[in-house]
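# Structure assessment
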Amino acid sequence: MEILQVKQIHKIYGEKENKVYALRDVSFSVEQGEFIAIVGTSGSGKSTLLNLIGGLDVPNRGQIIIRGHNIASLKRKELTIFRRRNIGFVFQNYSLMPVLNVYDNVALPVTFDRGKHVDHGYIRELLKELGLWEKRKRYPNELSGGQQQRVALARALANKPALILADEPTGNLDSSTTVEVMGLLKESSRKYHQTILMVTHNEALAQACDRIIRIEDGKLYRSGGGSATGTKKTAEAPGTADAPAGKGGDRL
Ligand SMILES: Nc1ncnc2c1ncn2[C@@H]1O[C@H](COP(=O)(O)OP(=O)(O)OP(=O)(O)O)[C@@H](O)[C@H]1O
Ligand SMILES: [Mg+2]
């Protein structure tokens, strides 16, 4: 089942001589449960793409369809609820709430979703797995960068969202914590059939994913002139908007 379709997205920032073509005609689709790496040089448009998929910004052209919903057609309030229920974000800059302790930061997306029971057992499990249980009563400014990043990751997973958008979730972590975080993401995606789009500059991490989407200068990198959008396995090329994605090779 396709969970995400990105159809002919264009994103332009600025005007006239300041115009930046951040994304040009980007199309691809993603099957539920895929773990996708998004790679590309700095400034190539990776964060822009995640922001558009997450409905945090709007494209100049094109459509983003998540679970059959064209997110542009949702009203502001509907989009907020849709996002909260379906998407977990891990940003580059953590965006933790400074006035809340670690535990409450992680529980926040669930608390926001009125009527939804907070699964304290699950939050405890997440914090323990991420080595944050001892820090649960600390505030973000009392944590290291890597610890803050792990809190942001736990928060993204707390709601068990169908789609996780992670912008360099291991960017500030040492290599052993990176392996742990990757392991947690993989396990979580398998357990809850979650789909993950992860921006990374780490080629080894990218290779460990089901599929790699490469962006250069705002465009999907196409290898060998075919319809492939930069896959690990070109024989199982992912689709464009016109040709749905294949199964994506080995499961993690
Ligand atoms: N709000 C904005 N206003 C104007 N230009 C922007 C804005 N956000 C991004 N850009 C430009 O759009 C292009 C793509 O930026 P983006 O942040 O998506 O890159 P990236 O691939 O995530 O880079 P990095 O790996 O450094 O995080 C860049 O040229 C950037 O300068
Ligand atoms: Mg970025």
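Quantities reported herein were computed from a predicted structural model and do not represent experimental measurements. (Residues numbered from 1 in each chain as written. Chains lettered and ligands numbered in written order. Predicted model: local features only at pLDDT ≥ 70, side-chain atom pairs only at ≥ 80, totals over all residues.)

## Thoughts on the overall build of the protein chain
- When you go through the protein chain residue by residue, the secondary structure sums to seven helices and 10 strands.
- Burial analysis of the protein chain (252 residues in total) assigns 43% to the buried set.
- If you take every contact in the protein chain between residues at least 6 apart in sequence, the share linking residues at least 24 apart comes to 67%. (Helix = DSSP H or I, 4+ residues; strand = E, 2+ residues; numbered from the N terminus. Buried ≥ 20, exposed ≤ 12 C-beta atoms within 10 Å, placed from the backbone. Contact = placed C-beta atoms within 7 Å.)

## Notes on the sheet that holds strand E1 (residues 2–13)
- What the four strands build is an open sheet, ordered E2-E1-E4-E5; its pairing is antiparallel. A strand with exactly one partner marks an edge of an open sheet, and here the two such strands are strand E2 (20–31) and strand E5 (69–70).
- The pairing of E1 with strand E4 (residues 61–66) spans five bridges and is antiparallel. Its bridge partner lying in E4, Gln-5 is registered against Ile-65.
- Sitting on the sheet, helix H1 (residues 46–53) touches E1, E2 and E4, and the angle it makes with E1 is about 120°. (Pairing = 2+ DSSP bridges. Axes fitted to C-alpha atoms, helices over the stretch in contact; angles between N-to-C directions.)

## A look at the pairing of strand E6 (residues 87–90)
- Side chains Ile-87 and Phe-89 of E6 all project onto a buried face; the interleaved residues Gly-88 and Val-90 project onto the opposite face, where all are buried too.
- Examined bridge by bridge, E6 and strand E7 (residues 163–167) share four bridges and lie parallel to one another. If you follow Phe-89 over to E7, its bridge partner there is Leu-165.

## Remarks on the site of ligand 1
- The full set of residues close to ligand 1 is Tyr-13, Gly-14, Val-20, Ala-22, Gly-40, Ser-42, Gly-43, Ser-44, Gly-45, Lys-46, Ser-47 and Thr-48.
- Only E2 and H1 provide two or more residues apiece to the shell around ligand 1.
- It is H1 that contributes the most residues to the shell around ligand 1, three residues altogether.
- Across the shell around ligand 1, the residue classes break down as three nonpolar, eight polar and one charged. (Near = placed C-beta within 6 Å. Nonpolar A, V, L, I, M, F, W, Y, C, P; charged D, E, K, R; others polar.)

## Quick word on helix H3 (residues 102–112)
- For H3, the set of buried residues is Val-102, Tyr-103, Asn-105, Val-106, Ala-107 and Pro-109.
- Lining the buried residues of H3 we find helix H2 (76–86), helix H4 (120–129) and helix H5 (145–158).

## With respect to the pairing of E2
- When E1 meets E2, the two strands line up antiparallel, connected through eight bridges. The residue of E2 that forms the bridge with Gln-5 is Ser-29.
- The antiparallel hairpin formed by E1 and E2 contains six residues in its connecting segment, where Gly-14 sits at a positive phi of about 75°.

## A look at the confidence of the model for the protein chain
- Across the protein chain, pLDDT averages 84, with 86% of residues at or above 70.
- Across the protein chain, E4 holds the top mean pLDDT of 97, while helix H6 (residues 175–191) sits lowest at 85.
- When the criterion is pLDDT under 50, residues 224–252 qualifies, and its contacts beyond four places in sequence or with other chains add up to 70 contacts. (pLDDT = per-residue confidence, 0-100.)

## With respect to unusual backbone geometry
- Positive phi, normally seen in glycine, also occurs at Asp-25, with a value near 50°.
- Along the chain, Asp-25 falls in strand E2.
- Here Lys-160, not a glycine, exhibits a phi torsion of approximately 50°, which is positive.
- Tracing the backbone through its elements, the reader meets Lys-160 in the loop between H5 and E7.

## What about H1?
- Among the eight residues in H1, seven count as buried, and that is most of the element.
- Buried within H1 are the following residues: Lys-46, Ser-47, Thr-48, Leu-49, Leu-50, Leu-52 and Ile-53.
- Directly after H1, the chain includes Gly-55, whose backbone phi takes a positive value near 70°.

## A look at the environment of Leu-4
- Residue placement: Leu-4 occurs in strand E1.
- Overall, the presence of 21 C-beta atoms within 10 Å leaves Leu-4 in the buried class.
- It is 9.3 Å that separates the C-alpha atoms of Leu-4 and His-69, two residues lying 65 residues apart in sequence.
- With sequence-adjacent residues up to four places away left out, Leu-4 is seen in contact with Ser-29, Val-30, Ile-53, Ile-66, Leu-163 and Thr-195.

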